[in-house]
Amino acid sequence: MANLAAASSDWSDPSLTPGGDSARTCPQCGSAKLGTRYCTECTAELVPPVAVTHAFGPMWAVDGDVLTVAPGEDVRRTLLDAVAQMVNATAPVRVVVTDGQLVTKVVLRLDGSSVAEGADAGSWAGPGRTDLPPAVAAQQTSIVGVHPGAGVSTWAQLLDLPEAQLTNELQGPVVLVCRSTPAGIDATKAAIHSLGPAAVDAVLVVADAPGKPVPAAAREQRVLAGAVRVVPVPWLPRLRAVAEISPALAGQLARPVQRVTKALLGAQSIKEKAE
């Protein structure tokens, strides 16, 4: 998957911050059953965040390497591009940005877009590059609705994923979106049969109403989880009748979006390890 962020709990363990000891808990599932590079519980790769620090004026440091941001340059773009080059990113990268008293936690995606939380999140969250290298474009995840009313356009905006159609010629992996109804899950099964399970990173099952799904849908969701990773998405009243996600609304929804993003990252890690 080319994309996505982590919930605030991923950052709470001091061992996951720059300069800490080896990770005590997995940033994806919270397990303490860790190997040297992978969590033995969920197989997520254990990679510490990259430290970006503002020294003074145009001077910054990326994991200790000094970088000068020239006048007129986009600070976020310049520094995050430097992070991607430094770690030779092949998966989303976690970054901790320290600017004086401001500490912001960022997830940098393969397409150059980023999501952030913390003191200066507005400055560090943003879109990706329009001129993606072919190798990165081929890995970029698309989000696809499997039936009308699934909520795919809304979640494409919230997750900053390109929206595609089942009828498109899909190049990279996909995240499918459906509602938590028997009909929605049946449509998802048909889409998986058409695309093949290997092409599907995960399925967002978006709540169709407050509360638990109807029993028939809950049963079918468990069956679906036997074939692909299922990410339940809760009922979010703020999204009712919303056509466009404003910055203010995105800020209000940051926590549930981060939880969904964390689950999608976990799904990708498991899939990549299996491959």
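Right above here is the structure, for reference.
The rules behind these values
- Residues numbered from 1 in each chain as written.
- Predicted model: local features only at pLDDT ≥ 70, side-chain atom pairs only at ≥ 80, totals over all residues.
- Heavy atoms only, no water.
- Phe/Tyr/Trp six-rings, centres within 6.5 Å; stacked < 30°, edge-to-face > 60°.
- Helix = DSSP H or I, 4+ residues; strand = E, 2+ residues; numbered from the N terminus.
- Buried < 20%, exposed > 50% of the residue type's maximum accessible area, 1.4 Å probe, protein only.
- Pairing = 2+ DSSP bridges.
- Contact = heavy atoms within 4.5 Å.
- Axes fitted to C-alpha atoms, helices over the stretch in contact; angles between N-to-C directions.
- Core = buried A, V, L, I, M, F, W, Y, C linked by side-chain atoms within 4.5 Å.

Regarding the packing of aromatic side chains
Considering all chains together, one arrives at 1 aromatic pair under this definition. Ring centres of Trp60 and Trp124 lie 5.8 Å apart, and the angle between their planes is 70°; on these two criteria the pair is classed as edge-to-face. Here the residue Trp60 occupies a position in strand β2 (residues 59-62), and Trp124 occupies one in helix α2 (residues 121-124), the gap between them amounting to 64 residues. Trp124 matches Trp60 in its accessibility class, with the two residues each being buried.

Focus on the sheet that holds strand β11 (residues 230-233)
Picture the strands of a sheet paired through backbone hydrogen bonds; they go either parallel or antiparallel. If you trace the 5 strands from one edge of the open sheet to the other, you get β8-β7-β9-β10-β11, paired in parallel fashion. Edge positions in the sheet fall to β8 (163-164) and β11, since each has one partner strand and no second. Pairing of strand β7 (residues 142-145) with strand β9 (residues 174-179), which is carried by 4 bridges, proceeds in the parallel orientation. Bridge assignment links Gly145 to a residue of β9, and that residue is Val177. Running at roughly 160° to β7, helix α4 (residues 152-159) makes contact with β7, β8, β9, β10 (200-206) and β11 of the sheet. The sheet contacts of helix α5 (residues 182-195) involve β9 and β10, and relative to β9 the element is tilted by about 160°.

Looking at the nonpolar core
Counting 24 residues, the largest nonpolar core has Ile143, Trp155, Leu159, Leu204, Leu239, Val260 and Leu264 as the members making the most contacts within it. When contributions to this core are tallied by element, the ones reaching two or more residues are α4, β9, β10, β11 and α8 (254-274). When residues in this core are grouped by element, the largest group, 5 residues, is from α4.

Some thoughts on the side chain of Ser142
Tracing the backbone through its elements, the reader meets Ser142 in strand β7. When its relative accessible area of 15% is taken as the criterion, Ser142 is described as buried. Non-local contacts of Ser142, meaning those with residues more than four positions away in its chain, are made with Pro162, Ala164, Pro173, Val174 and Val175.

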